[in-house]
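Fold and geometry: a report
Residues per chain, in single letters:
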Amino acid sequence: MDRQAEPDLAGSTVHRVRGVLAIPAFRRLWGVTSITAIAEWQSLLALSALATHLTSGYQAQSFALGGVVATKLLPAMVLGPLAGALADKLDRRHVMVVCDVLRAGLFLSIPLVGQLAWLFVATFLIEVCALFWIPAKDASIPNLLRRPEQVETANQLGLIMTYGVTVLIASGVFSLLSKINPVLNGFGLFTGAEGAAYLAVSLNGFAYAFCALMVGTRIPEISGRAVTRRAVQPGLLAMLRDGVVFVRATPLVRGLVTGIVGAFAAGGAVIACAKLYSTSLGGGDAAYGLLFASLFVGLGLGMALAPLAARRIRHRGLFGLAIVAAGLALVVVALAPHLIVALVAVILVGLAAGIAFLTGLTIIGAQVADEMRGRTIAFVQSLVRLDLLAAMALVPFAVGLVQQRTVILFSAPVTIDGTRPVLLCAGLLAAVVGLIAYRQMDDRTDGSLLAELRGALHKGSSLAPPGGDG
């Protein structure tokens, strides 16, 4: 890309963002989504902290921490498709309001009960509500926009906020609450070591109550799809069956599902290995925090850069290329001898995964019919969660099977433990899955991924309209 074209791209991006945010209904929904994302990330920190405070002993605390993560992810195993079907069958605004009211009550109940068992039960129910809320929200977005080409920008804004800005805000808020907790103790409020965590979950409860009020009173357009509802609705089980058949029988969606499994398996492997991997690099908790943050920095960058990449390459080709790139970057992570190299490679893993995720959702929003969109999005959301759960469950076990040893690489000692071969295998698997996904989604008989990449490198942005799939 020549330098003269860069200002035009920047101006075009700003123009597209302004055009989407100029729509009042979408702007309000985007604000609600941002608040719920902050609450979601803050709940992960607060509930994990509470789990350790409500238990004693290293093993018990480790089990409690794992239990919180598993409880947040497990509902997707059985309720993901059901949530998507309800997003298509029921009034989406009503679904969102009910879910937010329930989440508000559940969060506020955690400090009142103060028991580990109820913490797990409440966390499970909160995630069940999230499973119904997310597809209802995502499926309604295209109906709030004025033009189909605005779907990509709308998804970009939502995902950058959800997986970028809000992660930093939630971490900062939780740290601030931890700092001011001693002051509150002086007034007899939220006393004890777990006080900051209780305060955080209480604030989450009020945040969800506010979101329910906003969706219920300020965004009536979310209910607009009722106008296009068919006179005779099929039964819920029939809708679920149709959704499964649709995903299996449609090459485009089947390729999306295959690719997203590969991309988020790579990301999940990084998260699961990060603690032990940082030790192999000679780092401690600080290195672990940097690796974790780097993955989300990459995700945010990928979602921001995806529309620019789509100017040079079709969405279907971009999706496959991004997943292959995530796998190859993970191979670099596995072989990295120093922390700096590892951080750069982890950012690249996140960047490629971010491009793939945004591109996949854009394809769904632009090319999947409204009556099937909720189920398709629910499948994608469920697979992301299940991918992370499988990585967190299987990767540490695989790491433990490999003995640790130290080798000299470039005149520097490098600790080789189970994280290295596991990350290497995960990276190679993701690259292969990316190739498979591209072949399933590609609608051309004379193309290949390498040819697509060569064409993108030699093609100016003005020759490829954003999101072109031709």
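Residues numbered from 1 in each chain as written. Predicted model: local features only at pLDDT ≥ 70, side-chain atom pairs only at ≥ 80, totals over all residues. Heavy atoms only, no water.

1. Here's the deal with the overall build of the protein
Let me state the cut-off plainly: Where helices and strands are cited, they refer to DSSP runs of H or I of at least four residues and of E of at least two residues respectively, numbered from the N terminus. Contacts are assigned to residue pairs with any non-hydrogen atoms lying within 4.5 Å of each other. Working definition of accessibility: Shrake-Rupley area with a 1.4 Å probe, residue cover restricted to the visible protein chains.
For the protein, the helix and strand inventory stands at 16 helices and two strands. Summarising the internal contacts of the protein: among those between residues at least 6 apart in sequence, 82% fall at separations of at least 24. Carbon and sulfur atoms form 69% of the exposed surface of the protein, whose accessible area is close to 20,600 Å².

2. Comments concerning a nonpolar patch on the surface
Counted only if it meets this: Without a salt bridge and with relative accessible area above 30%, a residue can belong to a patch; like charges are then joined within 9 Å and nonpolar side chains (Val, Leu, Ile, Met, Phe, Trp, Tyr) within 5 Å. By convention in these notes, a salt bridge is any Lys or Arg side-chain nitrogen within 4 Å of a carboxyl oxygen on Asp or Glu. Buried means the residue's accessible area, taken with a 1.4 Å probe over protein chains only, is under 20% of the maximum for its type, while exposed means over 50%, and partly exposed covers the values in between.
Taken together, the side chains of Leu74, Val121, Phe124 and Leu125 present a nonpolar region at the surface, about 290 Å² in accessible area. If you trace the backbone, Leu125 turns up in helix α6 (residues 116–144). Its relative accessible area of 35% is what places Leu125 among the partly exposed residues.

3. Considering the nonpolar core
Note the threshold: Here the nonpolar core consists of buried residues drawn from Ala, Val, Leu, Ile, Met, Phe, Trp, Tyr and Cys, with membership extended through side-chain atoms lying within 4.5 Å.
Counting residues in hydrophobic clusters, the biggest one holds 38 residues, and the most contacted among them are Phe319, Phe357 and Ile364. Put simply, the parts of the chain that give this core at least two residues each are α7 (150–186), α10 (251–280), α11 (285–309), α12 (315–335), α13 (339–367), α14 (370–400) and α15 (419–441). Setting aside its immediate chain neighbours within four residues, Phe357 contacts Leu159, Tyr163, Phe264, Met303, Val380 and Val384. Listed in part, the 32 residues of the second largest apolar core include Ile23, Phe132, Leu144 and Leu157.

4. Considerations on the confidence of the model for the protein
Regions with low pLDDT carry predicted coordinates that are not meant to be interpreted in detail. What counts here: As a per-residue measure, pLDDT reflects the predictor's confidence and takes values from 0 up to 100.
On average, residues of the protein score 78 in pLDDT, and 76% of them are at 70 or above. Contacts from residues 1–10, a stretch scored under 50 in pLDDT, to residues over four places away or in other chains number six contacts. Counting interchain partners and residues more than four positions distant, the pLDDT-below-50 stretch residues 461–468 has 12 contacts.

5. Some remarks on the packing of aromatic side chains
As a reminder, the rule being used: Classification of ring pairs rests on two measures: the distance between centres of Phe, Tyr or Trp rings, Trp counted by its six-membered ring, which must be within 6.5 Å, and the angle between planes, read as stacked under 30 degrees, edge-to-face over 60 and tilted in between.
In this structure the tally under the stated criterion is two aromatic pairs. Arranged with centres 5.0 Å apart and planes meeting at 85°, the rings of Trp41 and Phe296 form a pair that is edge-to-face. Placement of the pair is Trp41 in helix α2 (residues 24–53) and Phe296 in helix α11, with a sequence separation of 255 residues. By the burial criterion, Trp41 is buried, and Phe296 matches it. Here Phe107 and Tyr208 contribute two aromatic rings whose centre-to-centre distance is 5.6 Å and whose plane-to-plane angle is 10°, an arrangement assigned as stacked. Remark: Tyr208 occurs in helix α8 (residues 195–218) and Phe107 occurs in helix α5 (residues 92–113); sequence separation between them is 101 residues.

6. A look at the environment of Leu116
Structurally, Leu116 can be placed in helix α6. The exposure class assigned to Leu116 is partly exposed, which follows from its relative accessible area of 21%. Sequence-wise, Leu116 and His53 are 63 residues apart; in three dimensions their C-alpha atoms are separated by 9.3 Å. Apart from residues no more than four positions distant in its own chain, Leu116 is found in contact with Ala51, Leu54 and Thr55.

7. What to know about the environment of Ala136
Here Ala136 shows up in helix α6. Owing to a relative accessible area of 0%, Ala136 belongs among the buried residues under this scheme. As for Ala136 and Arg373, which are separated by 237 residues in sequence, their C-alpha atoms are 9.7 Å apart. With near-sequence residues (within four places) excluded, Ala136 lies in contact with Ala87, Arg92, Val95 and Met96.

8. Focus: the environment of Leu435
By the element assignment, Leu435 lies in helix α15. By relative accessible area, Leu435 is classed as partly exposed at 42%. Separated by 112 residues in sequence, Leu435 and Ile323 have C-alpha atoms that sit 8.2 Å apart.

9. A look at the packing of α2 against α5
So the rule is basically this: All axes are obtained by fitting lines to C-alpha atoms, using only the stretch in contact for helices, and the reported angles, taken between N-to-C directions, cover 0 to 180 degrees. In this scheme, roughly parallel covers angles under 35 degrees and roughly antiparallel covers those over 145, while 65 to 115 is roughly perpendicular and the rest are oblique. Working rule for handedness: look at the near helix, and if it is turned counterclockwise from the far one by less than a right angle, call the crossing left-handed; if clockwise, right-handed. Polarity classes work like this: nonpolar for Ala, Val, Leu, Ile, Met, Phe, Trp, Tyr, Cys and Pro, charged for Asp, Glu, Lys and Arg, and polar for all others, with Gly in that last group.
Where α2 meets α5, the closest approach of the two axes is 13 Å, and the angle between their N-to-C directions is 30°. On the basis of their axis angle, the class for α2 and α5 is roughly parallel. Of the two elements, α2 crosses α5, and the hand of that crossing is left-handed. Across the interface between the two elements, Leu29, Thr36, Ser43, Leu47 and Leu50 from α2 touch Met96, Arg103, Phe107 and Ile110 from α5. For the contact of α2 with α5, the per-class residue count stands at six nonpolar, two polar and one charged.

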